[in-house]
Amino acid sequence: MKDKKSNDIWVFVEIKEDGSVQPSSLELLNPGMQIAEKTKGKLVAVLFGSELQSAVKETAEYGADQILMVQGSEYEEYSTDIYTDALCILLKKYAPAALLIAATNNGRDMSPRIACRLKTGLTADCTGVDAEEDSGCLLWTRPTLGGNLMACIVCQEHWPQMGTIRPGTYKKKKIVKEHVEVRREFVKLGASRNRVRVYETIEEEGVPADLESAEIIVAGGKGLGSAQGFQMLQNLADALGGAVGATRGAVEEGWISHAFQIGQTGKTVSPKLYIACGISGAIQHMVGMSSANMIIAINQDREAPIFQIADYGIVGDIYKIIPEFTKKIVDIV
Ligand SMILES: Cc1cc2nc3c(=O)[nH]c(=O)nc-3n(C[C@H](O)[C@H](O)[C@H](O)COP(=O)(O)OP(=O)(O)OC[C@H]3O[C@@H](n4cnc5c(N)ncnc54)[C@H](O)[C@@H]3O)c2cc1C
């Protein structure tokens, strides 16, 4: 679209199959607030679903000025056709300045279709977003050229400014607002049709359930020396109620699948506690985990760069430290 009707920033808030809110969507309300302040618009959360009361209540705690709820049985589960059609109708009606979508499977599926229909640009899989105050254009950051460079992408004169943002890039931020306006929207889908029916959802085996939203991550690198080392880390993660992650070094060795990789070409995480075991601290790894609240690094090389960002550093052999540490935790719990 060539014009916008407002400076509002929209965040599409995805609802999971169990009716709860996708945490990575709530994370986007955090940068959304700062951007809306710069563009001098409202922060609007858009929700689709069949039963939205509790999702609206939860979303209202994360800083939205307004919530658009689109309720109906046709939105009970995600459908590429229905969601794309409905969101395009709303975007044409309100013509906001920007739309932020979490880079989940559904977000990645829907976003390019919307951008194409509205004849606007889409910056996919971003690791950061900001806004230019003068132009109101969004500044999207993402790795480019195989991850060797970070690019700042601007899409001028096309609205809404659209991008998908990697889960885990931002932290959810609770904000108490005196008033959050909740508006019901009825979208007349007309000739829309759902061409795809989902008969069954099969969870892929061996994939970490929610690495991006884990509060504790025990990550391993090449210092583990073998795939067996990850079992040792899994024991510690289980004792702490956390998840296991890995460096690209360990993934390339074939010790663990790419789904566990953290970093520039893997996942972005932001846990409360990150325990880095046998990880040197290459920049491409650190961009994916440096926003953790607390980092504990265990490495036998006291010069390893990971110690520069660690809150606590232990110089030593992981094979001596981790089993002892796990035993202590198990004894306490
Ligand atoms: C374009 C591009 C994208 C990339 N994307 C990513 C990415 O997304 N994620 C990522 O992780 N990397 C990525 N990399 C690779 C990155 O540059 C590093 O090569 C990688 O992170 C190194 O992994 P590592 O720390 O496991 O291995 P190493 O750098 O080999 O470090 C192993 C560490 O283990 C320590 N150690 C060894 N034995 C022990 C022991 N017994 N006890 C304690 N410590 C021990 C060593 O002292 C060493 O510091 C990318 C690279 C490029 C070029």
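- According to the UniProt record, the Sequence similarities (unreviewed entry) comment for the chain is "Belongs to the ETF alpha-subunit/FixB family."

1. Things to note about the pattern of salt bridges
Turning to step 1, where the next piece is worked out: With the rule as written, the count across this model stands at 15 salt bridges.
Turning to step 2, where the next piece is worked out: A salt bridge links aspartate 125 to arginine 166; the shortest N-O distance between them is 3.7 Å. Here arginine 166 lies in the loop between strand 9 (161-165) and strand 10 (181-184) and aspartate 125 lies in strand 5 (residues 122-126), a separation of 41 residues in the sequence.
Turning to step 3, where the next piece is worked out: Looking at aspartate 125, the relative accessible area reads 17%, which means it is buried.
Turning to step 4, where the next piece is worked out: For arginine 183, the salt bridge is made with glutamate 181, and the minimal N-O distance between the two is 3.5 Å.
Turning to step 5, where the next piece is worked out: Note on arginine 183: relative accessible area 31%, which makes it partly exposed.
Turning to step 6, where the next piece is worked out: By sharing partners, the salt bridges in this structure join Arg108, Asp125 and Arg166 into a single network.

2. Some details on the packing of helix 3 (residues 80-94) against helix 4 (residues 105-117)
Turning to step 1, where the next piece is worked out: Between helix 3 and helix 4, the shortest axis-to-axis distance is 10 Å and the interhelical angle comes to 45°. Judged by the inter-axis angle, helix 3 sits oblique to helix 4. The handedness of the crossing between helix 3 and helix 4 is right-handed. Contacts between helix 3 and helix 4 pair Thr80, Tyr83, Thr84, Asp85, Leu87, Cys88 and Leu91 from the former with Asp109, Met110, Arg113, Ile114 and Arg117 from the latter.
Turning to step 2, where the next piece is worked out: In terms of residue class, the contact of helix 3 with helix 4 is made up of six nonpolar, two polar and four charged.

3. Description of the packing of helix 5 (residues 228-240) against helix 9 (residues 318-332)
Two quantities define a packed helix pair, namely the angle between the helix axes and the distance between the axes.
Turning to step 1, where the next piece is worked out: Where helix 5 meets helix 9, the axes come as close as 9 Å, and the angle between the chain directions of the two elements is 25°. One finds that helix 5 runs roughly parallel with respect to helix 9. Crossing geometry of helix 5 relative to helix 9 is assigned as left-handed. Residues Gly229, Met232, Leu233, Asn235, Leu236, Ala239 and Leu240 of helix 5 pack against Ile318, Tyr319, Ile322, Pro323, Phe325, Thr326, Ile329 and Val330 of helix 9.
Turning to step 2, where the next piece is worked out: In the contact of helix 5 with helix 9, the residues fall into twelve nonpolar, three polar and no charged.

What counts and what doesn't
Residues numbered from 1 in each chain as written. Predicted model: local features only at pLDDT ≥ 70, side-chain atom pairs only at ≥ 80, totals over all residues. Heavy atoms only, no water. UniProt positions renumbered as here; feature names shortened; annotations may be inferred. Salt bridge = Lys/Arg side-chain N within 4 Å of Asp/Glu carboxyl O. Helix = DSSP H or I, 4+ residues; strand = E, 2+ residues; numbered from the N terminus. Buried < 20%, exposed > 50% of the residue type's maximum accessible area, 1.4 Å probe, protein only. Axes fitted to C-alpha atoms, helices over the stretch in contact; angles between N-to-C directions. Parallel < 35°, antiparallel > 145°, perpendicular 65-115°, else oblique. Left-handed = near helix turned anticlockwise from the far one by under 90°. Contact = heavy atoms within 4.5 Å. Nonpolar A, V, L, I, M, F, W, Y, C, P; charged D, E, K, R; others polar.

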